[in-house]
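Coordinates in review
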Amino acid sequence: MLEIPCPWCGLRCESEFSYGGEAHIVRPENPEALNDEAWADYLFMRKNPRGPHLEQWHHVYGCRRWFNVKRDTLSYRIECSYRVGEQPPEGEI
Amino acid sequence: MMTKYSFFNLVRNALGHHEGWAPAWRSPEPGKQYDVVIIGGGGHGLATAYYLAKEHGITNVAVLEKGWIGGGNTGRNTTIVRSNYLWDEAAHLYEASMKLWEGLSQDLNFNLMFSQRGVYNLGHNLQDMRDIRRRVDANRLNGIDGEVVDGIELKRRIPILNTSPNSRYPVLGASFQARGGTARHDAVAWGFARGADSFGVDIIQQCEVIGIRQVNGCVTGVETNRGFIGAGKVGIVVAGNSSVLAGLAGFRLPISSHPLQALVSEPLKPVLDTVVMSNAVHGYISQSDKGDLVVGAGIDSFNGYGQRGSFPVIEGVLAAIKALFPVFSRVRMNRQWGGIVDTTPDACPIIGRTPVKGVYINCGWGTGGFKATPGSGYVFAHTLAQERPHSLNEAFSLERFTSGHLIDEHGAAGVAH
Amino acid sequence: MSDTDQAESPLTGIDWSIFNNASGVNLQELPFQGHLNLRGRPDESRFTNAVIEVLGFAPPLRPNTYKVVDSLKMYWLGPDEWLIITPMERQADLEAEFDKALQGLFSSVIDISSGQTIISITGPDAGTLIQKGCPMDLHPSVFRPGDCAQTLLGKTGVLLSVTGDPPTYELVVRRSFSDYLGLWLLDAVEEF
Amino acid sequence: MPAGRLKTNETEGRITLSRPITFSFNGKTLQGYQGDTLASALLANGIHLVGRSWKYHRPRGILGSGTEEPNAVVQLGIGARTVPNVLATQLEIYEGLEASSVNCWPSLEHDLLSVNGWFSRLMPAGFYYKTFMWPKSMWMKYEQAIRRASGLGVSPNLPDPDRYEKTYAHCDVLVVGAGPAGLMAALAAGRTGARVILADEQSEPGGSLLYSRETIEGLPAMKWVAGVWQELESMEEMKLLRRSTVFGYHDQNFLTIAERLNDHLPRWECRGARERLWKVRARQVVLASGALERPLVFGNNDRPGVMLASAVSCYINRFAVAPGSRCLVFTNNDSAYGAALDMVDAGIQVQAVVDCRPRPRGVLPERLRQRGVEIIAGSVVVNVKGTHRVKAAQVMQLPAQNGILKGEKRLIHCDLLAMSGGWSPVVHLSSQSGARARWDDARACFLPGMPVQQERSAGAANGSFSLNACLSEGSFAGREAARLAGWEWDNQPDPPSSSMQLEEPVQPLWLVPSEYAPGRGPKQFVDMQNDVGAADIILAAREGYHSIEHVKRYTALGFGTDQGKVGNINGMAILAQSLGATIADTGTTTFRPNYTPVTFGAIAGQEVGEKLFEPVRKTALHEWHQARGAAFENVGQWKRPWYYPKSGESMQEAVNRECLATRESVGIIDVSTLGKIVITGKDSGEFLNRIYTNAWKKLAIDKARYGLMLGEDGMVMDDGVTIRLSENRYYMHTTTGGAAGVYSWMERWLQTEWPDLQVFLISVTDHWATAAVVGPNSRRVMMGACQGIDFSAQSFPFMSSREGTVGSIPARINRISFSGELAYEVNVPANLGKPMWEVLMAVGEEFGITPYGTETMHVLRAEKGYIIVGQDTDGSVTPDDLGMGWALSKTKDFLGKRSLAREDCMREDRKQLVGLLTINRTEVLPEGGQIVEDPDAAIPVPMIGHVTSSYYSACLGHSIALALVQGGRSRIGEIVHIPLAEGRVIPARISDPVFYDPDGERQNV
Ligand SMILES: Cc1cc2nc3c(=O)[nH]c(=O)nc-3n(C[C@H](O)[C@H](O)[C@H](O)COP(=O)(O)OP(=O)(O)OC[C@H]3O[C@@H](n4cnc5c(N)ncnc54)[C@H](O)[C@@H]3O)c2cc1C
Ligand SMILES: NC(=O)c1ccc[n+]([C@@H]2O[C@H](COP(=O)([O-])OP(=O)(O)OC[C@H]3O[C@@H](n4cnc5c(N)ncnc54)[C@H](O)[C@@H]3O)[C@@H](O)[C@H]2O)c1
Ligand SMILES: Cc1cc2nc3c(=O)[nH]c(=O)nc-3n(C[C@H](O)[C@H](O)[C@H](O)COP(=O)(O)O)c2cc1C
Ligand SMILES: [Zn+2]
């Protein structure tokens, strides 16, 4: 069971959270202006990297905040978490 | 020429203290140039190579495997084979695979221990039962065997199943596919490898693809940890690693790779002679020929390439198994492990061309592609050889995510093994 | 809410008598309290001032802490969310005072008194009992008086807080899950 | 005292002679003592043959003395409490214990399937892949026979009556193993004040000291252990767990421990739970799990009476049992000499020590020589005679030429063969934690790899085999772990020292050479439980299975309940030899949980059964429904009344009655389970505009509107009515099943995408109890029950909301309808739900107010063509498919809108929601039934849709259904067919989905 640092509550067990997938996917400003490819890209295409990943988690049984985590998808190690609106940490990603 | 496996040959070799058996496949050094390079030596990749040679006469083929063949999901799945999928496109594809299974041991001259002991998908609420009826009726009209079984009949057939109305999610009934069952997963990889090798296909293990070389948007070969290997066409069949390979080729996929866990009990004398799956309580179980109960769960929610997941999933699945089979409470779990499953938004595979000319992909089988191994290899070989999809995989193109023509198997395949 | 005499707490369906035999733990429902959900932005001083004006004290700003002042208990739930527990008879007044004080502010106060209930667990084994189903570290050196946390107990979310030495705990649980939680506690207490 | 029991006094060994215990094995009543394991008690009774092997059904005895045991697998007990596959070496005996051998029939001594042994030449590794293929149809028969032959123990066939506890735990330092290293680690960490958990799987602490004759600080080892234990027990923050196996090391220092609480007790002494699962988050971990002795791989090395040398010591010193009377020792290292000395001192005749090393000269060999025992150096045992028990062994001189030994074969009689092939540190947990074990040539073993988590190994687990090293490493590791967890204490005393002497180096000996090439002579077993011989591994390599993982899967090496604890390293070495590679190249197979098997029950815990498997969510009115005899339906986690049968009524009759009563007079239903979310803040209207497909800003206060919610993929996700309570406040209803998902979905958009919107969401589902009063007489009921509201159609029109009281209870009343009837939803705080409901029932009595459940609700809504998301939709349905294009705003963006413009969503022939009227008006279509145009078409029959909802409508006197049909709206009037499984086909006519009151007059009255 992972131990996830909520930016508000600190380290908590994975079972208190739900997973939200890749972070920093921005909803297009004006969807109608996009062609089908661009829209499909936003909807479905994901980086899904093997290694460092910026992803969203929701502290659903805690403070109910959505936040971002930098986690390695191979080692499962979590480098850090940061709030929505904050910049992802520097470094390889 | 491959030595034939038979009882007669077994006796003959016994007299020679089994010193005369030839390797099931060669261990060749990588060649310089192949007509087709298949990346990924799982069941699907090896089957593709086999059918390329057998059905299309294309034998200048290499299968590149970064580890050992069958070491990916092929070697770590719960071996459930069935073809009772909901939507026509999926049902036809899986049924084609089922038909291949039915003669595969003989075709490959390798006993895959394909055991049609039947598969039950349990229903626990009214909506489950509606979905079961819908799927079974669709299957029947598509020529796929299936029946709806009520709780009483289910209890008669599987007396150790808990069908009490006083459980949290009582079992109301099930769908049953008699032709479904299990197969010996490792043997599938080995059988296809041996078959492909006998046609001259090079199976190259410990060979990891680390780049895909292109000229003017057209593939010319692959970079590997053992050097460059030229290729006319490249087929990517790497399951959980699909996004990584797509990344090397310069495109993205609608895929998330997740851990999917499974576990086995200690070996027991025969006690469960069929496969039982439940979506609602998230667990499925069968008993292998060796005697261990093989138990599977739902995916871990997070993306992961670690071939391991989190403990709560194991707790959940064993609670589910205990709820369904209270008699197994004192049985002990021997080992647990995980694979990396390539899930798509519609729980259906992607088979076809990619934005890079000459690069084809076969992925997205997620939690349920073992059953499709022969069929997937068959249609992918066709796609590679003819440079256009087989009618069975036409609907499974990458373009469907743009057009919106998804084939949503989630309802039927919440745990789609 | 006017007639508490007609009111039924969520836990009426549970027979607690087994707890009477448990030596190490005591359990009690604290029904019919006022529960107010308060939302607002703590970086707006008008908001914090309004809270002080109504309650007489500032909202706890440190995550996962609570304050008790007289008969009021105020929990931090999130960076813009608090729970205020008041005696039932003060609840309506408080709500009205808040409505007034918060006029024109991005904020809200909402009565959820019927939506949850409180269980207090005391006794030397109280912590051990809760630890069976709660993944947080409840050691008295870690989870200390003044701390609270929204977390899991068994398969339901709870708001857990601790006071005193030996520690005693209070659980706030949603109404529709309280029956389950009651059964869970009855099962878990068997060994004590 | 039985034959095999050594003379001993009370203080020697760990058994208590004053407490005899009676037990039975294979139906025979036997005696042992408190402190015995089943294995020691059997040996004391002279019983060596305990089981049959998996494939060849060879007779097997006891090899080891602990978790490593591959052979002595028994079935414990009978009935509901039977346990399959228990290790006799781990099972503490208790009064009345019954155990029996597995995998043999009709009896252990005369096992029919031992004929497999005769055919074993036909059964090399993987033989089944090569045969049983013809004729094709026979495979299932062959398979049945294979299944019957394999498997070990028997599953219980009754539900488990026992209880299983679970708990979370947290600590600064978790120490695994209470041998000398672990005890010192716990002591050093505990003395700093850190929170420590010490877990050991054995019944008492001491680890290998339990059978050691060494002294520590001048004390007999176990005296020293007792002192340490006492100090540990006195520490406040020390948790000592006995009979507790750390079986999994997961990510982020999460470890799982199975504590066995009752398995060592007779039934009548069992209290509480059988097992407890500990889920531990440890800041630091010390792995002091010791080392396992390796067997040697020689001919017939599986015969009963062939044992690990350390096990022999253990039986003598710990259990006061002589496992034989004449022993031959075979070794490649010094430790077996210790065992030989133990035997000599216990009065067991040691025939000789066969040592493959040319000149064994250590302290221990010298001591043994002084005792007059012959040492046959530079030699090996090549074969064992005897079937059910060792009778003699053949010894030959090294070196081998081309792997073959030539020369004299010396036959030595013995009834016990003690072997030692060296030691393998238990690197299982460190490997599970992610460290890659590394091969060490000097010590001929794998050592723990570089830690990737907060862990370290100490003692034999770390490859340090001397007791002094174990003590000091343990102490250092414990201290270091505590320090890293933030605890320090400078005054730690120096670690104690012991009497143990240094040993000479081991000489690796993998496949023991003999006069035969491997595979030509007697079987040389590597993995005894799975009957994997050296020849099988060599065959696998010959056939191209070169990876150790392939060899594992082809031969089943390490696949058993023992997970290859003693066999794997030998197997890896033999593979390396046959490939001409090094063991470091070959590597290990992957170490995975569980270290030893753990019951499903312990992992499931008490989260099973009707009450605790999943929360049962109940409304405030649950007890009322129950008292009225409601049948319940699971909807998500909720229990909802399904229908209320009166005595003797069938479900259909009850539903007919409920429907008619509602349509004709008045019905009442508990709809408290609907999700309810307050949306507040000045941007609430804007937020709703984005979330819902239709427009919200212009909705008047106290007015309600139906909303449709889509996923970003354009598919219908949820629906419900939302009411505007005030300028900046809305009250949203979601579906019962969708509530949690919708809430978290909306929070996500707000928090991550639109943080600039001033909106708060508060879930109030649980706060409100809601009753819907439905039917033409509902207004009368409301007027009778409520004060302060004018119920006239003009002042309280359809789709509006008012506040008032029901009885004396403050209530919000919404005039909305899911049935097409005049209807009101009464919301009160849930604590007052029951009195509210009772008021309504009382007032409604004169109108025959009828409570109804979800089934009637479904019929009523289907008569009106209202959809249920999740039943009439399946994740592939757009609003237009449902005929709800009217709900899509053209002027604003909303979630999912863009997706609707994709090619596939615009197809003409998409499936559309329609009604179906069966030609036979009483025939109810099966829900889920497929729809075809031509029932006689050849398979595959093209399907044009399916039935989503289907009921008998008592009010219409007709069966009705909703269906999704390709291009359905343009087919109204056509006849289609629904083929049933039994071959019958039901014809039906496509109709408009609204069957009842199409103009909506009734709800507007
Ligand atoms: C626990 C679990 C249970 C399952 N249960 C079932 C079930 O019951 N029924 C069912 O039908 N399906 C099941 N599945 C799914 C099924 O296992 C897979 O869909 C299927 O085996 C995929 O086969 P594959 O050949 O595509 O992939 P794999 O077997 O994973 O093969 C892909 C190969 O590609 C190799 N590779 C990756 N990257 C590179 C590279 N860069 N260069 C070279 N090689 C590379 C990998 O090493 C791997 O060997 C389960 C999966 C899991 C994990
Ligand atoms: N003469 C030799 O060559 C030789 C070789 C090996 C060991 N030894 C001796 O053995 C002793 C080793 O001491 P040590 O403390 O390192 O080990 P140990 O073997 O004394 O103790 C290890 C303990 O850990 C327990 N254990 C192992 N895995 C566990 C798990 N997963 N969960 C719970 N408990 C677990 C075992 O039951 C055992 O009690 C020393 O006395 C050493 O001299 C000697
Ligand atoms: C169908 C199936 C049955 C298995 N049966 C056993 C078994 O009886 N014993 C065992 O130790 N492992 C068994 N395994 C698990 C393997 O040992 C191994 O854990 C799994 O293939 C994943 O590989 P890995 O653990 O090497 O990563 C089985 C695996 C599968 C897929
Ligand atoms: Zn939080």
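Above this text you will find the structure in question.
Residues numbered from 1 in each chain as written. Chains lettered and ligands numbered in written order. Predicted model: local features only at pLDDT ≥ 70, side-chain atom pairs only at ≥ 80, totals over all residues. Heavy atoms only, no water.

Moving on: empty space enclosed by the protein. By the definition in use, this model includes eight cavities of 30 Å³ or more. Here the largest cavity defines a volume of roughly 250 Å³. As for the largest cavity, its lining consists of 23 residues, of which H428, Q563, G564, N568 and F591 of chain D are closest to the centre. Tallying contributions element by element places helix α13 (residues 568-579) of chain D first for the lining of the largest cavity, with three residues. Per-domain counts for the lining of the largest cavity show at least three residues from each of domain 2 (164-291 + 425-484) and domain 4 (517-581) of chain D. For the second largest cavity, the calculated volume is near 140 Å³. For the second largest cavity, the lining is made up of 14 residues, of which P10 of chain C together with K618, T619, A620 and E623 of chain D are closest to its centre. Residue assignment for the lining of the second largest cavity shows that the elements contributing at least two residues are α5 (175-188) of chain C together with α17 (622-627) of chain D. (1 Å grid on protein atoms, 1.4 Å probe; cavity = no way out; pocket = protein on both sides within 12 Å on 5 of 7 lines; lining within 4 Å. Points joined across faces, edges and corners; volume = space filled by probe spheres on them. Helix = DSSP H or I, 4+ residues; strand = E, 2+ residues; numbered from the N terminus. Domains from an automatic or database assignment.)

Now for the arrangement of the chains. For the five pairs of chains in contact, the largest share of contacts goes to chains B and D. Spatially, chain B and chain C are disjoint, and the shortest separation between their C-alpha atoms is 11 Å. (Contact = heavy atoms within 4.5 Å.)

Between chain C and chain A, the residue contacts involve 16 residues of the former and eleven residues of the latter. Interface area, chain C with chain A, both sides summed: about 1,100 Å², of which 52% is carbon and sulfur. Three residues stand out in chain C for area buried against chain A, namely P79, Q150 and L152 of chain C, and they jointly supply 39% of the buried area on that side. Seen at the junction of chain C and chain A, the total is two salt bridges. In this structure, the salt-bridge partner of R64 of chain A is E81 of chain C, at a minimum N-O distance of 2.8 Å. Put simply, chain C and chain A have six residue pairs in polar contact (both at pLDDT 80 or more) between them. (Buried area = accessible area lost by both parts, 1.4 Å probe. Salt bridge = Lys/Arg side-chain N within 4 Å of Asp/Glu carboxyl O. Polar contact = N/O pair within 3.5 Å; in protein donor to acceptor, adjacent residues only side chain to side chain.)

All right, on to the nonpolar core then. Residue and element names in this part refer to chain D. Residues L38, F298, L328, F330, M343 and L417 are the most contacted members of the largest nonpolar core, which totals 185 residues. Every residue in contact with L417, bar those within four places of it in the chain, is listed here: F298, G305, V306, M307, L328, F330, V381, V384 and A393. Core analysis: the second largest hydrophobic core is formed by 56 residues, F687, W749, W754 and V759 among them. (Core = buried A, V, L, I, M, F, W, Y, C linked by side-chain atoms within 4.5 Å. Buried < 20%, exposed > 50% of the residue type's maximum accessible area, 1.4 Å probe, protein only.)

Turning to the sheet that holds strand β9 (residues 156-163) of chain C, a few remarks are in order. All names here are of chain C. An order of β1-β7-β10-β9-β8 is seen for the five strands of this open sheet, with the pairing classed as antiparallel. The open sheet has two edge strands, β1 (26-30) and β8 (148-153), and neither has a second partner. Neighbour to neighbour, the strand axes of the sheet diverge by 30° on average, direction disregarded. In this structure, β9 lies alongside strand β10 (residues 168-174), joined through six bridges in antiparallel fashion. Bridge pairing links S161 to E170 in β10. Lying on the sheet, α5 is in contact with β1, β7 (116-122), β8, β9 and β10; it crosses β10 at an angle near 135°. (Pairing = 2+ DSSP bridges. Axes fitted to C-alpha atoms, helices over the stretch in contact; angles between N-to-C directions.)

Turning to the coordination of the zinc ion (ligand 4), a few remarks are in order. Residue and element names in this part refer to chain A. The protein atoms donating to the zinc ion (ligand 4) are C6 (SG), C9 (SG), H59 (ND1) and C63 (SG), with metal-donor distances spanning 2.0 to 2.4 Å. Coordination geometry of the zinc ion (ligand 4): the four donor atoms subtend angles of 103 to 119° at the metal centre, consistent with an arrangement described as tetrahedral. When the donors of the zinc ion (ligand 4) are listed by position in the chain, the intervening gaps give C-x2-C-x49-H-x3-C. In this structure C6 comes out as buried when scored by relative accessible area, which is 4%. (Donors = N, O, S within 2.8 Å, 3.2 Å for Na, K, Ca; no water. Tetrahedral: all angles 85-135°; square planar, octahedral: opposite > 155°, others 65-115°.)

Another aspect to go through is the pattern of salt bridges. Enumeration according to the criterion identifies 109 salt bridges over all chains in this entry. A salt bridge links E153 of chain B to R156 of chain B; the shortest N-O distance between them is 2.8 Å. Taken together, the residues E153 of chain B and R156 of chain B, both in helix α5 (residues 151-157) and three residues apart, mark about one turn of the helix. Among the residues examined, E153 of chain B registers a relative accessible area of 22% and is labelled partly exposed. According to the relative accessible area criterion, R156 of chain B is exposed, its value standing at 58%. In this structure, E607 of chain D and K166 of chain D form a salt bridge, with 4.0 Å as the shortest nitrogen-oxygen distance. Placement of the pair is E607 of chain D in the loop between α15 (600-604) and α16 (609-612) and K166 of chain D in strand β8 (residues 164-176), with a sequence separation of 441 residues. Assessed through its relative accessible area of 18%, E607 of chain D is described here as buried. Overall, the relative accessible area of 7% leaves K166 of chain D in the buried class. Sharing partners across several salt bridges, the network here consists of K132, D187, E190 and E191 of chain C together with R163, E165, E259 and R276 of chain D.

All right, on to the environment of D111 of chain D then. Residue and element names in this part refer to chain D. Within the secondary structure, D111 is located in the loop between β7 (98-101) and α2 (115-118). Distance from D111 to R58, taken between C-alpha atoms, is 8.9 Å for residues 53 residues apart in sequence. With residues near it in sequence (within four places) discarded, D111 still touches R52, H57, N103, C104 and W105.

Another point: the site of ligand 3. The environment of ligand 3 is made up of 16 residues, and the closest members are R335 of chain B together with K552, F559, Q563 and R592 of chain D. At the site occupied by ligand 3, nearby residues are drawn from chains B and D. Note that an oxygen atom of ligand 3 is positioned 2.7 Å from one of the side-chain N or O atoms of K552 of chain D. At a separation of 2.6 Å, an oxygen atom of ligand 3 approaches a polar side-chain atom of Q563 of chain D. Among the elements of the structure, β16 (332-343) of chain B together with α12 (548-555) of chain D are those that each provide at least two residues to the shell around ligand 3. Sorting elements by how many residues they give to the shell around ligand 3 places α12 of chain D first, with three residues. Partitioning the shell around ligand 3 into residue classes produces three nonpolar, six polar and seven charged. (Near = heavy atom within 4 Å. Nonpolar A, V, L, I, M, F, W, Y, C, P; charged D, E, K, R; others polar.)

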